[in-house]
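Each chain, written out:
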Amino acid sequence: MRGAVPRSLRGVFVGSGGDGLNEPSGTVTKAILGLVEAKRAAEGVVLGAGGPPIVAYIGTATYDRAGPKTRQTGQLADAGCRVEQVFLVEELFTSAQRPDAAEATGVASDAYLRDLLLTRADVVVVSGGNTLYATDTWKRRGVDALLRAAMERGAVLAGGSAGAIWIFEGGHSDSGDPTSFLRHELTPLPASSEGRRAFPPFTPTDAARKAWAYLRVPGLAFLPGLCCPHFDRVQSNGVLRAEDFEEMLRSRFSGERGVGIDHWAALVVAGEGRYSVLRIPDKTGSQLPPLLHPGSDDRARFSPGADGRPGVWLLDVDDGAARLTVPPDEGDLDDLVRECRGSLVEDNRIAALRAVNVGFL
């Protein structure tokens, strides 16, 4: 279906978060800043004028910790951008020790969020991490609507892993990995702390670290489709994401088109409904050359050993048969993504996962 994508969408969406945005070549950072300069040029702003780009960093998926912020915005700061962190994780101020957020006194106010996202931010960087916690938090605070408004006014959106999933209708997520849970990521307060809630410490067993399952988490639906980052990677549960993604679509979500992004690849959206595939130099991925013509089944060119080049994949299921294809390196977004055939279905494991992650508070 054509016309399914917003023409104002600009962004760089990477298969990995901390790795992709911190890769030494600076490929992703250059792509982000290139989109900023292109937008300014289109508005008649002279190259180099307009002041340093303002970057809104939203680290909700990693519970507003400082380490992920440094990895995912450090190169932008070194390039002269002014980075402002948006604190949204209430537990950081009510239930956890917070040396990472010593400069903040509380979560961002509604007025600050509106000012930053609706007016000032040139770039919005969304961290990797626990996608489900992040999108739930944004919807509760109304940040989802502010992010859409930021996109509509032309702010460049960027991020990897969870930072790529959120722009789609949903994603193949590792939010069930217990090492991504709030109690694991934040240092809990001792029970004796006055005036603030305490939560019990949490250390997953070795078995739990390996027994979790991927699930479909909802995104904010700026683009139709189901996104799978780290498409060519095996995580701590020992399962190749590409294989699990195919099974997910085949068994439960066959109406959706899957968009797989290798760990070292990115989907770049330049506005006006155009996209391109970005490959980080000197990195390996899952696409073996020579590739077949787009539209045919390229399964024979998929290398689960990640000894090809990084890339983007499309996965469709028709009458139970899955077709894996390689899209052109650039083209119209309307040819890359499509609306769901039928009704969107929520993963029936979501409610239980929410209870495990934050239900103890």
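Small disclaimer: the values here were computed from a predicted structure and weren't measured.

**As for the pattern of salt bridges**
Okay, step 1: Within this structure, the stated rule accounts for 19 salt bridges.
Okay, step 2: Between Arg 279 and Asp 329 there is a salt bridge, with its nearest N and O atoms 3.1 Å apart. One end of the pair, Arg 279, is in strand E13 (residues 274-279); the other, Asp 329, is in the loop between strand E15 (321-325) and strand E16 (330-332), with 50 residues separating them in the sequence.
Okay, step 3: A salt bridge links Arg 349 to Asp 347, with the nearest nitrogen and oxygen atoms 2.7 Å apart.
Okay, step 4: With a relative accessible area of 3%, Asp 347 lands in the buried category.
Okay, step 5: One salt-bridge network, in which partners are shared between bridges, spans Arg 82, Glu 84, Asp 115 and Arg 120.

**Observations regarding the layout of surface pockets**
If a probe the size of a water molecule is rolled over the atoms, the empty space left behind becomes visible.
Okay, step 1: Considered as a void within the structure, the largest pocket measures approximately 420 Å³ in volume.
Okay, step 2: What lines the largest pocket is a set of 20 residues, among which Gly 18, Thr 62, Gly 128, Gly 129 and Ser 161 lie closest to the centre.
Okay, step 3: Sorting elements by how many residues they give to the lining of the largest pocket places helix H3 (residues 66-78) first, with 4 residues.
Okay, step 4: Tallied by class, residues from the lining of the largest pocket come to 1 nonpolar, 14 polar and 5 charged.

**A closer look at helix H11 (residues 241-251)**
Okay, step 1: Where H11 is concerned, the buried positions are Arg 241, Ala 242, Phe 245, Glu 246, Met 248 and Leu 249. In an axial view of H11, the angular spread of the buried residues amounts to 160°, which keeps them on one side of the axis.

**Notes on the packing of helix H6 (residues 131-141) against helix H13 (residues 350-358)**
The description of two packed helices rests on the angle between their axes and on the distance between the axes.
Okay, step 1: Two numbers describe how H6 lies on H13: the axes approach to 11 Å, and their chain directions differ by 90°. On the basis of their axis angle, the class for H6 and H13 is roughly perpendicular. Here H6 contributes Leu 132, Tyr 133 and Asp 136 to the contact with H13, which in turn contributes Ile 350, Leu 353, Arg 354, Asn 357 and Val 358.
Okay, step 2: Its residues assigned to classes, the contact of H6 with H13 comprises 5 nonpolar, 1 polar and 2 charged.

Cut-offs applied
Per chain, residue numbering runs from 1 following the sequence as it is written. Two thresholds apply to this predicted model, a pLDDT of at least 70 for residue-level local features and 80 or more for giving and counting side-chain atom pairs, whereas whole-chain, interface and lining totals are computed over all residues. Derived side-chain values reflect all non-hydrogen atoms in the structure, with water molecules and hydrogen atoms excluded from consideration. Criterion for a salt bridge: a side-chain nitrogen of Lys or Arg within 4 Å of a carboxyl oxygen of Asp or Glu. Counting from the N terminus, the helices are DSSP H or I runs at least four residues long and the strands are E runs at least two residues long. For every residue, the accessible area (1.4 Å probe, protein chains only) is compared with the maximum for its type, and the residue is labelled buried under 20%, exposed over 50%, or partly exposed between those bounds. The distinction between a cavity and a pocket rests on a 1 Å grid over the protein atoms alone: a 1.4 Å probe fits inside a cavity but cannot get out, while a pocket stays open yet meets protein on both sides within 12 Å along at least five of seven lines, and a residue with an atom within 4 Å of a point counts as lining. Grid points are joined across faces, edges and corners, and a volume is the space filled by probe spheres set on the points. Only Asp, Glu, Lys and Arg are considered charged in this grouping, and only Ala, Val, Leu, Ile, Met, Phe, Trp, Tyr, Cys and Pro are considered nonpolar; every other residue, Gly among them, is considered polar. What the arc measures is the spread of directions leading from the helix axis to the C-beta atoms. In this description, a line fitted to the C-alpha atoms serves as the axis of each element, helices being fitted only across the stretch in contact, and the angle between N-to-C directions of two axes falls anywhere from 0 to 180 degrees. Comment on the angle field: the value is read as roughly parallel under 35 degrees, roughly antiparallel over 145, roughly perpendicular from 65 to 115, and oblique elsewhere. By the convention used here, residues are in contact when the closest approach between their heavy atoms is within 4.5 Å.

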